[in-house]
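Here is what each chain is made of, one letter per residue.
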Amino acid sequence: MAMMGMHFGHDAGVALTEAGGYRVIEAERRLGLRHVCGGNGDFPQAAAEWLAELRERAASPVTGIAVADWYTPVCQVLPPALVELVNEDARWTATGGTGLADAVTRVIKPLDWPLAKGFGDITLTAVRHHYAHAALAYYTSGARKALVLALDGTGNYAECGMLCLGDGDQLTPVMSFTNRTGPRFGLVYEALARRVHGSQFDTGKLLGLTATGETDAALLPVLRAMLVPQSTRRASPDLYERLDEDRLTGTALRYADTWWEYDPHSGGYLDAGLADSSDDDVVHSFGSVFPDEIRTADGRSTPVGTSPDARICRDLAATLQHAVERDLTSLVAGVSRRFPSYATLCYAGGCALNITANSRLAECAQFTRVSIPTCCDDSGIALGAALAVADPADRPALLGRSGWAPLAYAGPPLQGLDTADGDYGDNAAQVDGLRRRLGGLGLSLRRPAGDEEFVQAVADLLADRRCVAWLEGGLETGPRALGHRSLLVSAHWSGARRYVSQTIKNREWFRPVAPICPEEVADQYFAGPLDHTETMLFAVRVRPDRARQLAEARHIDGTARLQTVRPDVHPLLHRLCHAVAARTELPVLINTSANGGGRPLLNHLDEALELLTGTELDAVVLPERRLIVE
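Student: Teacher, can you tell me more about the overall build of the chain here?
Tutor: Assigned secondary structure in the chain consists of 19 helices and 28 strands. Taken against the 2.2 N^0.38 rule, which gives 25 Å for 630 residues, the C-alpha radius of gyration of the chain at 24 Å falls within 12% of a compact globule. Over its C-alpha atoms, taken along the principal directions, the chain stretches across nearly 75 × 60 × 45 Å. Looking at the 630 residues of the chain, the share that counts as buried comes to 62%. Taking the intrachain contacts of the chain between residues at least 6 apart in sequence as the baseline, contacts between residues at least 24 apart amount to 70%. Just so you have it, the chain exposes about 23200 Å², and 47% of that area is on carbon and sulfur atoms. A gap of 4 Å separates the mean positions of the 61 positive and 78 negative side-chain charges of the chain.

Okay, here's the thing in structure tokens:
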């Protein structure tokens, strides 16, 4: 049987799980709008088409649909029973306590739900937002026993996370985290990102900015009290470090014309004033607005800027990152002590995109493995909801080291390759048809005879300081391009990073790029958790003796968001790295996502050709068809 999942909040989408694998459709990549939600005007009709598409592609009958409970009220196709559940059921919306296990999944009626038409007699189940995150992390990890942690900005009810225990086919929630008491890792990070970069979704930019600043010792305790107030630290000393009161006394935050003094009772700033406020007010106050000015214990008042070029913004970013890493590792160590004998940590939620913090977790010696799914943010919620309620037989078995790949590339294949006579590349006549079409755009087409000639031709381009769009297989799930929708440039030449990141993609100067390197030689160039680097969710360090050679691929602080590749998962890309090394003496490529500035990952040939003709991109490469468009 097969189970479908749906998510209506930002990064909306639909997904399917069955024994043979996963299928994921992210709304932003079909509608062309980053972080799109179910309130988008095109969503209702498109969502119905996506569900029909997945149903048609399923190898077995669809017996149920799971819907995540975080949604936007303006969505026109919400199940009425879901709205009723979230708005009226006090047991469902309660956080924490012994009843948590009864409030993570609930069968609801599909009555009057337009999207249920055509599915016949199905079971409709609501799934709590953070439980969906946790289910995705656990059931796609291959682990049979694990601590499972979900942390993000917020779901519903001011909840910002959940801890579960994974044992066999069972996933049991044991703890809920709320923005009322902390940890507010995601929410405060979003607030500073919004202030500096303009959007709550710019947390990735803020993470890149952290490397350009320095940790401010006076600001650090203030930010840590914002993340986790002292009252919470007193109540759970095994999970959080107590802060030095002497470094908090006299501190204050200014929002507009109002100063919020440090409150010794709550151990925070806004906490006392928001004690009786609604969940929405709590989330808005911590997540939408960052202080305009901060007064530290030494009497210094620091106005907060609004530009990534402002020194205070860079130092605040660095200080906040330091605070998050310190309190996150303390929390994870604490829950590990509470629940011993779990050697694996499965981690998801928007906070799991913080690759620097992830590396701290991987290197803290608390776990033998830290497993993070590629779509750990809300783009994976639809699949997580489906996995949460699916029969164990409908969850693909994950065996071996490449078990992550079926999820990483569970998106649709590249569109726009089909013609009336078949797919481009099937035979000489179709290739000629593509060549004529490209000629009308002023482009040419090459079709090397075989794999070796193809790899050597692309290696020649890269060694000659060209940038290519490498478009292969299923679309990546989540925000990282992992060699299927990637822009590639060789790291051997000075200016490579600027060429691909700023000239072609028009990105900010401080944004990191990501190196790709064959796994078997990665330790010659990088150090750190190299056994966690296949999905670009952990940071490693460039070896000091390679710093100059890898100047174009490393970040300002000497780290790198590395992806290692193996011949069994990426046969042609792996060969390409070595072919480039034969020409440049460096088997490292720079990888960034194949998309224009501010747009989702591309997944249509026309979008790729538009990028080729409208930017300084040099070639579009289609490895499965051995085609090179220039």
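Next, the rest of the story.
Student: Hey, could you run me through the packing of aromatic side chains in this one?
Tutor: In this description, a pair of aromatic rings is defined by centroid distance and the angle of the planes. According to the stated counting rule, one finds eight aromatic pairs in the structure shown. Consider the rings of Tyr 138 and Tyr 139, whose centres lie 5.2 Å apart with planes at 55 degrees: the pair is tilted. Classification of Tyr 138 by relative accessible area gives buried; the value is 1%. Overall, the relative accessible area of 10% leaves Tyr 139 in the buried class. On the basis of an interplanar angle of 55 degrees and a centroid distance of 6.0 Å, the ring pair of Trp 404 and Tyr 409 is categorised as tilted. Ring-pair connections join several aromatic residues into one group, and the members of that group are Phe 8, Phe 43 and Trp 50. For Arg 55, the ring lying beneath its charged end belongs to Phe 119, and the centroid distance is 5.1 Å. One residue, Arg 395, lies across the ring of Tyr 139, its end atom 3.6 Å from the ring centre.

Student: Hey, could you run me through the sheet that holds strand S22 (residues 526-527) in this one?
Tutor: Strand pairing within a sheet occurs via backbone hydrogen bonds; the two strands may be parallel or antiparallel. With antiparallel pairing, the three strands of this open sheet are ordered in space as S22-S23-S24. Only two strands of the sheet have a single partner each, and these edge strands are S22 and strand S24 (559-560). Looking at chain direction, S22 and strand S23 (residues 540-542) are connected through two bridges and run antiparallel. The residue bridging Phe 526 from the neighbouring strand is Val 542, located in S23.

Student: What exactly am I supposed to notice about the pairing of strand S26 (residues 589-593) here?
Tutor: Strand residues, when the strand is regular, have side chains that alternate between the two faces of the sheet. In terms of burial, S26 is largely enclosed, as five of its five residues are buried. As paired strands, strand S20 (residues 485-490) and S26 are joined by five bridges and run antiparallel to one another. Bridged to Ser 486 within S26 is Ser 593. Of the strand pairs in this sheet, strand S21 (residues 514-518) and S26 are connected by three bridges, and their pairing is antiparallel.

Student: Where do I start with the pattern of salt bridges in this structure?
Tutor: Here the idea is simple: oppositely charged side chains can pair when their charged atoms come close. If you walk through the whole model with that rule in mind, you get 42 salt bridges. A salt bridge links Arg 338 to Asp 238, with the shortest nitrogen-to-oxygen separation between them at 2.6 Å. Taken together, the positions of Arg 338 in helix H11 (residues 311-338) and Asp 238 in the loop between helix H9 (230-235) and strand S10 (252-255) put the pair 100 residues apart, joining distant regions of the chain. The partly exposed category is assigned to Arg 338, whose relative accessible area is 39%. For Arg 254, the salt bridge is made with Glu 293, and the minimal N-O distance between the two is 2.8 Å. In this pair, Arg 254 sits in strand S10 while Glu 293 sits in strand S12 (residues 293-295), placing the two residues 39 residues apart along the sequence.

Student: Would you take a moment to explain the packing of helix H6 (residues 185-197) against H11 for this structure?
Tutor: Each pair of packed helices gets described by two things: the angle between the helix axes and the distance between those axes. Where H6 meets H11, the closest approach of the two axes is 11 Å, and the angle between their N-to-C directions is 170 degrees. Between H6 and H11, the crossing angle belongs to the class labelled roughly antiparallel. Residue-level contacts link Phe 185, Val 188, Tyr 189, Leu 192 and Val 196 of H6 to Cys 313, Leu 316, Ala 317, Leu 320, Gln 321, Val 324, Asp 327, Leu 328 and Leu 331 of H11. Class assignment of the residues belonging to the contact of H6 with H11 gives a composition of twelve nonpolar, one polar and one charged.

Student: Would you explain the nonpolar core in this entry?
Tutor: If you look at soluble globular proteins, the nonpolar side chains tend to sit buried side by side. Core analysis: the biggest nonpolar cluster contains 107 residues, and Val 148, Leu 151, Leu 171, Phe 177, Phe 290, Leu 316 and Tyr 347 have the highest contact counts within it. When neighbours within four sequence positions are excluded, Val 148 is seen to be in contact with Ala 134, Ala 137, Tyr 138, Met 162, Leu 163, Cys 164, Gly 166, Leu 171 and Cys 346. Residues Ala 491, Ala 496, Val 513 and Leu 622 belong to the second largest nonpolar core, which totals 45 residues.

About the criteria used
- Per chain, the residues get numbers from 1 upward, laid out in the order the sequence is written.
- Residues qualify for local features only when their pLDDT is at least 70, as the model is predicted, and side-chain atom pairs are given and counted only at 80 or more; totals for whole chains, interfaces and linings, by contrast, use all residues.
- Remark: hydrogens and water are excluded; side-chain values derive from all non-hydrogen atoms of the structure.
- Secondary structure elements follow DSSP: runs of H or I of four or more residues count as helices, runs of E of two or more count as strands, with numbering from the N terminus.
- Computation of the radius of gyration draws on C-alpha atoms, with the globule rule given as 2.2 Å multiplied by the number of residues to the power 0.38.
- A simple rule labels every residue: compare its accessible area, found with a 1.4 Å probe on the protein chains alone, to the largest value its type can have, and call it buried under 20%, exposed over 50%, or partly exposed in between.
- Contact definition: two residues touch when any of their heavy atoms are within 4.5 Å.
- All accessibility values rest on the Shrake-Rupley procedure with a 1.4 Å probe; residue burial counts only the protein chains present in the view.
- When charges are tallied, Lys and Arg are placed among the positive residues and Asp and Glu among the negative ones, while His and the ends of the chain are skipped.
- To locate a charge, take atom NZ for lysine, CZ for arginine, CG for aspartate or CD for glutamate.
- Between the rings of Phe, Tyr and Trp (Trp by its six-membered ring), a pair exists once the centres lie within 6.5 Å; its type follows the angle of the planes, with under 30 degrees stacked, over 60 edge-to-face, and the other angles tilted.
- Working rule: Lys NZ or Arg CZ, within 6 Å of ring centre, within 35 degrees of ring normal, means a charge sits over the ring.
- At least two DSSP bridges between two strands are required for those strands to pair.
- By definition here, a salt bridge exists when the distance from a side-chain nitrogen of Lys or Arg to a carboxyl oxygen of Asp or Glu is within 4 Å.
- Fitting a line to C-alpha atoms yields each axis, with helices limited to the stretch in contact; the angle taken between N-to-C directions then spans 0 to 180 degrees.
- Convention used here: angles under 35 degrees read as roughly parallel, angles over 145 as roughly antiparallel, angles from 65 to 115 as roughly perpendicular, and any remaining angle as oblique.
- Side-chain classes are defined by residue name, with Ala, Val, Leu, Ile, Met, Phe, Trp, Tyr, Cys and Pro counting as nonpolar, Asp, Glu, Lys and Arg as charged, and the others, Gly among them, as polar.
- Each nonpolar core is a collection of buried residues, namely Ala, Val, Leu, Ile, Met, Phe, Trp, Tyr and Cys, held together in the definition by side-chain atoms within 4.5 Å.

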